[in-house]
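Each chain, letter by letter, is given below.
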Amino acid sequence: MTIRFAERMDHIGTEGAFEVLAKARRLEAQGKSVIHLEIGEPDFATPDNIVEAAVSALQAGFTHYTPAGGITEARQAVAGFVNRRLGVEVDPAEVVLVPGSKNILLFTLLACIERGDEVIYPDPGYPVYASLVSFVGAVGVPIRLREERNFRMDLDELASLVTPRTRLLIVNTPQNPTGGVLTKEDVEFIARLAVEHDLLVISDEIYSQLVYDGFQHVSLLSQPGMRERTVLMDGMSKAYAMCGWRLGYGVSPRELAAKMETLMINSSSCAAAFTQMATIEALESPESERAVAAMVEKFRSRRDLVVDGLNRIPGMRCARPDGAFYAFPNIEATGFHEKELADRLLDEAGVAVLPGTAFGPAGKGYLRLAYTQGETDLAQALERIEDFVNKEAAG
Ligand code: PLP
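Since the model is a prediction, treat every value here as computed from it, not as a measurement.

Asker: Would you mind going over the sheet that holds strand E2 (residues 95-98) with me for this structure?
Answerer: Strand pairing in a sheet relies on backbone hydrogen bonds. The paired strands run either parallel or antiparallel. Judged by pairing direction, the sheet is mixed, and its 7 strands sit side by side in the order E2-E8-E7-E6-E5-E3-E4 without closing on themselves. Edge positions in the open sheet fall to E2 and strand E4 (139-144), since each of these has one partner strand only. Within this sheet the neighbouring strands show an average axis-to-axis angle of 20°, counted without direction. Summarising the sheet, strand E6 (residues 200-204) and strand E7 (residues 230-235) pair through 4 bridges and their orientation is parallel. Bridging across to E7, Ile202 finds its partner in Val231. Across the sheet, helix H4 (residues 102-112) touches E2, strand E5 (166-172), E6, E7 and strand E8 (248-251), and the angle it forms with E7 is around 155°. Contacts between helix H8 (residues 254-265) and the sheet are confined to E2 and E7, with E2 contributing the most and set at about 25° to the helix.

Structure, rendered in structure tokens:
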């Protein structure tokens, strides 16, 4: 039988990182050495206290279905955490726990967006935004992020993109793939714009704990008029080195949280019970707070190593990001096209990176490197990239 696919499958995209990872693993299976800077996943082990909480939960019988929105204590833990960090009073009924925060994006789009609605999202940006916006039949409206603005949005340009059909704005700070962060003034402007045009906002703050040099993260959720129109999207993957645990959460107005629960009932049923219990430990214990701070310090020192190293390579220019764990160098002056350079670095130099265009057309002329490996590997990756570029320039 020839399977006939639904038309909507013509409109879904993918994440380049998973494709490059698969290719890199094939090369490794053939005996090739590859340094992995392609996937946005911390190399650190999940802190011991969180692992121990999960083991205890399994032993205590947390092996069953839970309520679709999450175990009450876990929802309370998220509400308390958001309250302490962002100064926003949150009711546990406004919190939904899901197997990975990208579900919050999907559920919001499914619950609120009609065909033909316009959705604004960053370009370059996390590729799942453009993919899912188009999958649900909405019209994607990219807002370009430029290097000369440290990859912050141009606020006038953002305002000019809003039309009567604009329904949703997706904001991500600190940002994947550029590491750019929005300032307090940026966040205040975006909030005013959203209120003025009655927009729903997804605020993807999954990197909000990964900021450097004293930068203060400001959440859209904490702005006047934003509680009733913001979906805060966050999760355990990045700050707690828990990507494989699959635990994300959304904080949204109660009526939208209820729709998300319905979508959970119709899809995953619930996030894994023991993972939810480990999340309580992660969000509430001072030990995890110390572990996160130690990881952030390591990321900061890796950032400097990578940015300084990239800036030494002829033809490359790299801004120093204030958050997340990505470097986004401009490589135009190397003479390479970003896709060719990424492919050849993997095939010929054994360094897996992503072309900037994996994050949208505005990523043209850039590469993305995740500094999620130890300093020895990062130094070696930089050496391999530099040798490759120099050899090509000489040849
Ligand atoms: N949002 C951004 C900006 C990301 O970079 C990622 C993962 O790379 C996610 C969301 C999804 O994270 P998860 O589904 O693991 O919570």
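Text resumes after the structure shown.
Asker: So what exactly am I meant to see when it comes to the nonpolar core here?
Answerer: Buried together is how nonpolar side chains tend to be arranged in soluble globular proteins. Grouped together as the largest cluster of nonpolar side chains are 69 residues, with contacts concentrated most on Val82, Tyr240, Val251 and Leu310. In contact with Tyr240, not counting residues within four places along its chain, are Thr46, Pro47, Ile50, Phe81, Gln209, Ala282, Leu283, Ser288, Val292 and Met295. Core analysis: the second largest hydrophobic core is formed by 28 residues, Val96, Leu105, Ile113 and Ile170 among them.

Asker: Explanation requested: the packing of H4 against H8 in the structure shown.
Answerer: How two helices pack is summed up by the angle between their axes together with the distance between the axes. Where H4 contacts H8, the two axes come as close as 10 Å, and the packing angle between them is 105°. Looking at the two axes, H4 sits roughly perpendicular to H8. Contacts from Ile104, Phe107, Thr108, Leu110, Ala111 and Cys112 of H4 reach H8 at Leu256, Lys259, Met260, Leu263 and Met264. Looking at the contact of H4 with H8 residue by residue, the class counts come to 9 nonpolar, 1 polar and 1 charged.

Asker: Quick question: what am I supposed to make of the site of the ligand here?
Answerer: Residues in contact with the ligand amount to 14 residues; listed here are only the nearest, Ser101, Asp204, Tyr207, Ser237 and Lys238. In the model, an oxygen atom of the ligand is placed 2.8 Å from a nitrogen or oxygen of the Ser101 main chain. Taking Ser237, its side chain carries an N or O atom lying 2.6 Å from an oxygen atom of the ligand. Burial of the ligand by the surrounding chains reaches 94%, relative to a free accessible area of 400 Å². Each residue belonging to the shell around the ligand can be placed in one class, and the counts come to 5 nonpolar, 5 polar and 4 charged.

Asker: Help me understand the packing of helix H2 (residues 48-59) against helix H9 (residues 273-284), please; the structure alone is not making it clear to me.
Answerer: Axis separation between H2 and H9 bottoms out at 8 Å; the angle between their running directions is 140°. In this view, H2 runs oblique relative to H9, as classed from their interaxial angle. Regarding H2 and H9, the two cross each other, and that crossing is right-handed. Residues Asn49, Ile50, Ala53, Ala54, Ala57 and Leu58 of H2 touch H9, and the partners they reach there are Phe274, Met277, Ala278, Glu281 and Ala282. Split into classes, the residues belonging to the contact of H2 with H9 amount to 9 nonpolar, 1 polar and 1 charged.

Asker: I would appreciate a short explanation of the environment of Pro314 in the present structure.
Answerer: Along the chain, Pro314 turns up in the loop between helix H10 (286-312) and strand E9 (326-327). With relative accessibility at 43%, the residue Pro314 sits in the partly exposed group. With 177 residues separating them along the chain, Pro314 and Gly137 place their C-alpha atoms 43 Å apart. Once you skip the residues sitting within four places of it in the chain, Pro314 turns out to touch Thr334, Val389 and Asn390.

Asker: Can you help me understand the sheet that holds strand E11 (residues 354-355) in this one?
Answerer: Strand order in the open sheet formed by 3 strands is E9-E12-E11, with antiparallel pairing between adjacent strands. Only two strands of the sheet have a single partner each, and these edge strands are E9 and E11. Bridge count between E11 and strand E12 (residues 367-370): 2 bridges; the pairing is antiparallel. Considered in E12, the bridge of Leu354 is made with Arg368.

Asker: Could you clarify how one ought to interpret helix H7 (residues 184-196) in this entry?
Answerer: Given 3.6 residues per helical turn, the α-helix brings residues three or four places apart onto the same face. Compared with an ideal rise of 1.5 Å per residue, which puts 13 residues at 18 Å, H7 spans 18 Å between its outermost C-alpha atoms and is within 8% of the ideal. For H7, the set of buried residues is Asp186, Val187, Ile190, Ala191, Leu193 and Ala194. Looking down the long axis of H7, one finds its buried residues gathered within 165° of arc, a one-sided arrangement. Exposed side chains of H7 directed beyond 90 degrees from the buried face belong to Glu185, Arg192 and Glu196. Where H7 is buried, its residues contact helix H6 (155-161), E5 and E6. Following H7 by one or two positions, Asp198 adopts a phi angle in the positive range, close to 55°.

Analysis parameters
- Residues numbered from 1 in each chain as written.
- Predicted model: local features only at pLDDT ≥ 70, side-chain atom pairs only at ≥ 80, totals over all residues.
- Heavy atoms only, no water.
- Pairing = 2+ DSSP bridges.
- Helix = DSSP H or I, 4+ residues; strand = E, 2+ residues; numbered from the N terminus.
- Axes fitted to C-alpha atoms, helices over the stretch in contact; angles between N-to-C directions.
- Contact = heavy atoms within 4.5 Å.
- Core = buried A, V, L, I, M, F, W, Y, C linked by side-chain atoms within 4.5 Å.
- Buried < 20%, exposed > 50% of the residue type's maximum accessible area, 1.4 Å probe, protein only.
- Parallel < 35°, antiparallel > 145°, perpendicular 65-115°, else oblique.
- Nonpolar A, V, L, I, M, F, W, Y, C, P; charged D, E, K, R; others polar.
- Near = heavy atom within 4 Å.
- Polar contact = N/O pair within 3.5 Å; in protein donor to acceptor, adjacent residues only side chain to side chain.
- Areas by Shrake-Rupley, 256 points an atom, 1.4 Å probe, with all protein chains shown as cover.
- Left-handed = near helix turned anticlockwise from the far one by under 90°.
- Expected span 1.5 Å × (residues − 1).
- Arc of directions from axis to C-beta.

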